[in-house]
Amino acid sequence: MAAATSQSHLLRPSPGLRRASLPSPSRISFALRAVSKPTVLVAEKLGAAGLELLKEFANVDCAYNMTPEELCAKVALSDALIVRSGTKVNRSVFEFSAGRLRVVGRAGVGIDNVDLAAATEHGCLVVNAPTANTVAAAEHGIALMAAMARNVAQADAALKAGNTCKWIQTFTFILSSLLQICKWQRNKYVGVSLVGKTLAILGFGKVGSEVARRAKGLGMHVVAHDPYASAARARAIGVELVSFEDAISAADFISLHMPLTPSTDKMLNDETFAKMKKGVRIVNVARGGVIDEEALVRALDSGIVAQAALDVFTVEPPAADSKLVLHENVTVTPHLGASTVEAQEGVAIEIAEAVVGALKGELSATAVNAPMVPAEVLSELAPYVELAEKLARLAVQLVAGGGGVKSVKVTYASGRSPDDLDTRVLRAMITKGLIEPISSVFVNLVNADFTAKQRGIRITEERVQIDGTAESPIEYIKVQIAQAGSKFPSAVSETGEITVAGRVKDGIPHLTEVGSFQVDVSLEGSIILCRQVDQPGMIGAVGSVLGEQNVNVSFMSVGRIAPRKHAVMAIGVDEEPTKETLTKIGEIPAIEEFVFLKL
Ligand SMILES: NC(=O)C1=CN([C@@H]2O[C@H](COP(=O)(O)OP(=O)(O)OC[C@H]3O[C@@H](n4cnc5c(N)ncnc54)[C@H](O)[C@@H]3O)[C@@H](O)[C@H]2O)C=CC1
Ligand SMILES: O=C(O)C(=O)COP(=O)(O)O
């Protein structure tokens, strides 16, 4: 007789948070619930309305201008961190958080200051506030373009410098008249007009298209380059989508609105400046890194670029002696694109809602490093999410000690077309079920694929269409672990894999198949699987051992190959039986093997 018990490793939850036992439709991603109030560290100035929202749900620690060391120290005591562009959330921040940090909220669009790979590896969700500052950034782009074309900043500075020095005028007439010239230089600051000029927008997303609308209103001819934008959307605004080369060679003005990514890094460089029309003017409200700043200085000096207006820099703030910032043909602002009263209130509310939602375990619509699944799909899949995780938990506990899990096949059978089934959440929960019982790793939607890959677990999915009801998205889910011996050999199917399958009945997940045996037991509490000789009195024998030890049986189901041969009995129990109880079950003469599995 083979007897085995399986141990489920308890996880150490983050302080102030614990794992919720059953994920509900809106709690699928993290399955965390606040026991005491979580702590949100706000590292950069956030609008008052956002702070109020956060305070209703969390302890809010506002700590601005922290050094990297101070940030690392504080983050170890925080469940969420909110930043703008001025804080580098690098790998060491996640390492110092030691698993406590669950959400990083970027109060704005660009997430280039957050190490997304490190966040994902640490199971930390990153959310941003992608819409509230769009108009502010677009307006700033237009403001910079107009100010540059009409030398507003330079003329303003000269006029003020003249006035500031007025007292000197009383000492020397010559100096005074020189300053007077500096002050009122109408000929020096003759500008260029915008009307009729060609504006090339690089990056035709939210900000880029708002800039386009406004530029059209100023009478400009607008073209755009964006490899991922829809030509129909561009046409609707009266903008022509063109190649990068065509855009930069036709432009009198170029406005940059793409994110900083490896493919946009230093996109404007010596080579690309050389292809531009002589005297082109450049506006950058995107990210400093999309321009090779030294190459821009060379292009300004040679006259290829007549002027540049920059809100963003490779290093912020730039060095005091930066040739680019000090260049007389360059207009600069200190990353003010999103800085309007309206945008900051909007961004603060947008990010506060996203962070609170994420801390509650809800899937965020603005998640940057997790699949976005529409709420209605999630709600429909909720019982199947629970089924998927529990089947995987059972399957992994059936693997013989030390065997390891390398190859897992998941089959989703559905009455609907396979294309209608979004299985990303289910796959993540299968990974969670496979890994959590045998490790101390916390798995969620963010880090599931990464964690599986890191552990060398290959999960393949198959969707099969069967006769079924149109109402239920899935008829059954089958989880099979290949190339692994089982501590309960009856769980190995004829094709050689440890196999468990289940379905949802009346909203409750049920185990319906173990190896080649059909059973029917609801997946609640824990489960004892016994293989026995099919004979009368077996249910009573096992039931009375459990009853003697005050272990409540919630379900019992027997699946057999043929009468009086072998059968598998699945018993759902509310309490965990002691070792002695399990030993007594094993001593019942007709029991051939058994296993206790925790859900
Ligand atoms: N200066 C500031 O304060 C602000 C700056 N921003 C920055 O503006 C940029 C755009 O923001 P949104 O429009 O909200 O983002 P978005 O995601 O809506 O648009 C970005 C667009 O760039 C396109 N793109 C990606 N790679 C490209 C490439 N190689 N060439 C051309 N286009 C490419 C994308 O397809 C997308 O359409 C971001 O970098 C963001 O960080 C946004 C708000 C304020
Ligand atoms: O949203 C963005 O991408 C921005 O660049 C705005 O940055 P900020 O929040 O003003 O530091």
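Residue numbers run consecutively from 1 along every chain, following the written order of its sequence. Think of it this way: whatever chain is written first is A, whatever ligand is written first is 1, and the rest follow in order. The model is predicted, so local features are restricted to residues of pLDDT at least 70 and side-chain atom pairs to those at 80 or more, both for listing and for counting; the totals for chains, interfaces and linings are taken over all residues. Processing note: side-chain calculations cover all non-hydrogen atoms of the structure and skip hydrogens and water entirely.

Quick reminder of the rule: UniProt positions are given in the numbering used here, feature names are shortened, and annotations may be inferred rather than shown by experiment.
For the protein chain, the name recorded in an unreviewed UniProt entry is phosphoglycerate dehydrogenase, with Rhynchospora pubera as its organism. In its Subcellular location (unreviewed entry) section, the UniProt record describing the protein chain reads: "Plastid, Chloroplast". Its UniProt record, at the heading Catalytic activity (unreviewed entry), says of the protein chain: "(2R)-3-phosphoglycerate + NAD(+) = 3-phosphooxypyruvate + NADH + H(+)".

Here we look at the nonpolar core
Quick note on the threshold: We define a nonpolar core as any set of buried Ala, Val, Leu, Ile, Met, Phe, Trp, Tyr and Cys residues linked to one another through side-chain atoms lying within 4.5 Å. Only protein chains enter the accessibility calculation, which uses a 1.4 Å probe; a residue is then buried when its area is under 20% of its type maximum, exposed when over 50%, and partly exposed in between. Runs of E in the DSSP output that reach at least two residues are strands. Runs of H or I that reach at least four are helices, and both are numbered from the N terminus. Note on definitions: a residue-residue contact is assigned when non-hydrogen atoms from the two residues lie within 4.5 Å.
Judged by nonpolar contacts, the single largest core of 54 residues is most densely connected at Leu-398, Val-408, Leu-434, Ile-477, Ile-481, Leu-511 and Leu-529. Per-element tally for this core: the top contributor is helix α16 (residues 375–397), with eleven residues. Beyond its immediate stretch of four places on either side in the chain, Leu-529 contacts Leu-398, Phe-488, Leu-511, Val-514, Met-569, Ala-570, Glu-593, Phe-594, Val-595 and Leu-597. Core analysis: the second largest hydrophobic core is formed by 31 residues, Val-242, Leu-256, Met-276 and Ala-308 among them.

Describing the site of ligand 2
The following threshold applies: Whether a residue is near a molecule or strand is decided by its heavy atoms; if any one of them lies within 4 Å of it, the residue is near. Identification of polar contacts relies on pairs of N or O atoms within 3.5 Å, with a donor-acceptor requirement for protein atoms, meaning one able to donate a hydrogen and the other able to accept it, and with residues adjacent in sequence counted only if both atoms are side-chain atoms. Classification used: nonpolar for Ala, Val, Leu, Ile, Met, Phe, Trp, Tyr, Cys and Pro, charged for Asp, Glu, Lys and Arg, polar for all others including Gly.
In the region of ligand 2, the neighbouring residues are Arg-84, Ser-85, Arg-106, Ala-107, Gly-108, Val-109, Gly-110, Asn-133, Arg-287, His-335 and Ala-338. A distance of 2.7 Å separates an oxygen atom of ligand 2 from a polar atom in the side chain of Arg-84. Taking Arg-287, its side chain carries an N or O atom lying 2.8 Å from an oxygen atom of ligand 2. Split into classes, the residues belonging to the shell around ligand 2 amount to three nonpolar, five polar and three charged.

Structural notes on the pattern of salt bridges
We count it as follows: Here, a salt bridge means any side-chain nitrogen of Lys or Arg that lies within 4 Å of a carboxyl oxygen of Asp or Glu.
Under the defined criterion, the tally for this structure stands at 23 salt bridges. With its nearest N and O atoms 3.1 Å apart, the salt bridge here joins Glu-576 to Lys-598. Here Lys-598 lies in strand β25 (residues 591–598) and Glu-576 lies in the loop between β24 (566–573) and α20 (579–587), a separation of 22 residues in the sequence. Taken together, the salt bridges that share partners define one network made up of Glu-389, Arg-393, Lys-432 and Glu-436.

Section: the site of ligand 1
Operational definition: Only the protein chains shown count as cover for residues, and the accessible areas themselves come from Shrake-Rupley with a 1.4 Å probe.
Around ligand 1 sit 26 residues in total, of which Lys-206, Val-207, Asp-226, Val-285 and Asp-311 are the nearest. In this structure, Val-207 approaches ligand 1 through a main-chain N or O atom, which is 2.8 Å from an oxygen atom. Measuring from a nitrogen atom of ligand 1, one finds a backbone N or O atom of Val-285 at 3.0 Å. In isolation ligand 1 offers 860 Å² of accessible surface; the protein chains occlude 88% of this area. The residue makeup of the shell around ligand 1, split by class, is 13 nonpolar, nine polar and four charged.

Regarding the environment of Leu-51
Tracing the backbone shows Leu-51 in helix α1 (residues 48–57). For the pair formed by Leu-51 and Gly-540, sequence separation is 489 residues and the distance between their alpha carbons is 61 Å. Not counting the four nearest positions on each side in its chain, Leu-51 is found in contact with Val-42, Leu-46, Val-60 and Cys-62.

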